[in-house]
Amino acid sequence: MEVREKIPANPVECEAPNMGKSGESGWKLLRYLIVGVLFGIVFVKAEVISWFRIQEMFRLQSFFMYGVIGSAILVGMVSIQLIKRFGVKTVSGEPIKIAGKEFRKGQVIGGFIFGLGWALTGACPGPLFAQIGFGYSVIVVTLLSAIAGTWVYGKFSDKLPN
Amino acid sequence: MEQLIEWIKQPWPWYVAGPLIGLTVPALLLIGNKSFGISSSLRHACAACIPAKIPFFQYDWKKELWNILFVVGIFLGGLIASLFLSNPAAVVVAESTQQDLAQLGITDFNSLLPADIFSWSNLFTLKGLFFFVIGGFLVGFGTRYAGGCTSGHAIMGISNLQWPSMLATVFFMIGGFVMTHLILPFIMALVGF
């Protein structure tokens, strides 16, 4: 129980924080599973889970991934602007809140380290899950190693420049 | 209907896939005030399974269960796509990329991942060490250190006009260019290509 007292109200620097006020359980949580399924299908069908697509991108030999990421950002940006301008609420009527990102040195150093891994594995965390689902079962090893990397960061986070 | 299925089975162009991925941002916000981000699921996995009294993992991960379900969904989406919607033809890789990779020793260009590297038989070899173990570690360590990955920073963060996310994305790309052009040739030689 001693540990419990240390739990902050919101996990620090969690980049996908739960801003929902009301608790969700059961079938309400299933909605996220469904969004995930659709998202995973898009990942596979656009072949963005392909190691080759990532190589094409970093070799500047195809516009494909730049088109995917660029148009995703554009749609996301327009959506967020519309949500903000018209004060759109969630389906349960809560005002929509989006946490800002504060500058930390990690975005430079950690970002660079992630980039190295991205080009090696040909995957960011999302595609790892889709690759395993698609049938590349050996990627489970990559995923476990990514979890280990996350754990090691957590272990030494207070000793790293930030 | 059959025509539709046929069309779905083809690889989708970027201008279809990109906007659909972008729509995940408002979808998650409208469903329940959730900010799009995937690498956080790795942190929740640590918090749930191996917190080891590390302060970084002492938080209410059950509140973030939605994020775990989201990535389970991505896994299932991959499975569904491979079972029912998969494209029978070989993956089209840019000619110049094929040439570059062939020079590095890649011979298989048929599937989404080169079988030369990503197979169980390579697990306990130097190929496995670099491409699975070290690669995965860099992804997990780097995304957490950066506070996000392509989804959390590049898509969600830039969409919300956050300059630290833009900075992070620039360094994702720099890391990728450095690995691809400066380090990968040495790794490929070292692991026996």
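Here the structure is a predicted model, which is why all the values come from computation and not from measurement.

Novice: Explain the overall build of chain A to me, using residue names and the numbers behind them.
Specialist: Along chain A, the regular secondary structure elements total six helices and zero strands. Of the regular secondary structure in chain A, the N- to C-terminal order runs α-α-α-α-α-α. Among the 162 residues that make up chain A, the fraction classed as buried is 57%. If you take every contact in chain A between residues at least 6 apart in sequence, the share linking residues at least 24 apart comes to 51%.

Novice: I'd love a proper account of helix α5 (residues 125-134) of chain A, names of residues and values included.
Specialist: Within α5 of chain A, nine of the ten residues are buried, which leaves the element mostly enclosed by the surrounding structure. What α5 of chain A keeps buried is the set Pro125, Gly126, Pro127, Leu128, Phe129, Ala130, Gln131, Ile132 and Gly133 of chain A. For α5 of chain A, the secondary structure elements touched by its buried residues are α1 (27-45), α4 (106-121) and α6 (139-156) of chain A together with α3 (40-49), α4 (65-84) and α6 (126-146) of chain B. Once α5 of chain A ends, the next one or two residues include Gly135 of chain A, with phi positive near 130°.

Novice: Kindly report on unusual backbone geometry, identifying the contributing residues and their values.
Specialist: Phi at Leu60 of chain A is positive, roughly 55°, even though this residue is not glycine. As for its placement among the helices and strands, Leu60 of chain A is situated in the loop between α2 (51-58) and α3 (64-85). One non-glycine residue, Asn33 of chain B, lies in the positive phi region at around 60°.

Novice: Kindly report on helix α5 (residues 95-104) of chain B, identifying the contributing residues and their values.
Specialist: Taken residue by residue, α5 of chain B has Thr97, Leu101 and Leu104 of chain B as its buried positions. Along α5 of chain B, the residues classed as buried sweep out an arc of 45° about the axis, all on the same side. Facing away from the buried side of α5 of chain B by more than 90 degrees, the exposed set consists of Glu95 and Gln103 of chain B. Contact partners of the buried residues in α5 of chain B: α2 of chain A together with α8 (163-190) of chain B.

Novice: I'd like a description of the packing of helix α7 (residues 150-159) of chain B against α8 of chain B, backed by residues and values.
Specialist: Residue and element names in this part refer to chain B. Taken N-terminus to C-terminus, the directions of α7 and α8 make an angle of 135°; their axes are 8 Å apart at the nearest point. The orientation of α7 relative to α8 falls into the category oblique. As for the relative orientation of α7 and α8, their crossing is left-handed in sense. Here Thr150, His153, Ala154, Gly157 and Ile158 of α7 come into contact with α8, specifically with Ser165, Met166, Ala168, Thr169 and Phe172.

Novice: Go over the interface of chain B and chain A, please, and point to the residues and values.
Specialist: Taken together, the contact between chain B and chain A spans 138 residues of the former and 124 residues of the latter. Note on chain B versus chain A: buried area summed over both sides is about 11800 Å², and carbon and sulfur give 74% of it. Three residues, Asn33, Leu112 and Tyr145 of chain B, lead the burial of chain B against chain A; their summed loss comes to 8% of the area buried on that side. Across the chain B-chain A interface, the total number found is two salt bridges. A salt bridge links Arg59 of chain A to Asp100 of chain B, with the shortest nitrogen-to-oxygen separation between them at 3.6 Å.

Novice: I'd love a proper account of the packing of aromatic side chains, names of residues and values included.
Specialist: Applying the stated criterion to the full structure yields 25 aromatic pairs over all chains. Between Phe63 of chain A and Trp14 of chain B, the aromatic rings sit 5.2 Å apart at their centres with planes inclined by 80°, giving edge-to-face as the arrangement. Here Trp14 of chain B lies in helix α2 (residues 14-32) and Phe63 of chain A lies in the loop between α2 and α3, a pairing that spans two chains. For Trp14 of chain B, a relative accessible area of 29% corresponds to the partly exposed category. Ring geometry for Trp66 of chain B against Phe70 of chain B: centres 6.4 Å apart, planes inclined by 40°, an arrangement best described as tilted. A residue pair is termed a helical-turn pair when its members lie 3 or 4 positions apart in one helix, as Trp66 of chain B and Phe70 of chain B do in helix α4 at four residues. Take Trp66 of chain B and Phe70 of chain B: they sit in the same class, and that class is buried.

Novice: Tell me what's going on with the state of the cysteines, and back it up with residues and numbers.
Specialist: Going through the model one piece at a time under the given rule, you end up with zero disulfides over all chains. You can see Cys124 of chain A has no disulfide; the closest cysteine sulfur is in Cys149 of chain B, sitting 6.1 Å from it. Relative accessible area serves as the criterion here: at 11%, Cys124 of chain A is assigned to the buried category. Summary of cysteine pairing: Cys46 of chain B is not part of a disulfide, and the nearest cysteine sulfur, belonging to Cys49 of chain B, is at 8.0 Å.

Definitions and limits used
- Residues numbered from 1 in each chain as written.
- Chains lettered and ligands numbered in written order.
- Predicted model: local features only at pLDDT ≥ 70, side-chain atom pairs only at ≥ 80, totals over all residues.
- Heavy atoms only, no water.
- Helix = DSSP H or I, 4+ residues; strand = E, 2+ residues; numbered from the N terminus.
- Buried < 20%, exposed > 50% of the residue type's maximum accessible area, 1.4 Å probe, protein only.
- Contact = heavy atoms within 4.5 Å.
- Arc of directions from axis to C-beta.
- Axes fitted to C-alpha atoms, helices over the stretch in contact; angles between N-to-C directions.
- Parallel < 35°, antiparallel > 145°, perpendicular 65-115°, else oblique.
- Left-handed = near helix turned anticlockwise from the far one by under 90°.
- Buried area = accessible area lost by both parts, 1.4 Å probe.
- Salt bridge = Lys/Arg side-chain N within 4 Å of Asp/Glu carboxyl O.
- Phe/Tyr/Trp six-rings, centres within 6.5 Å; stacked < 30°, edge-to-face > 60°.
- Disulfide = S-S within 2.5 Å.

Any link to function would need more than the numbers given here.
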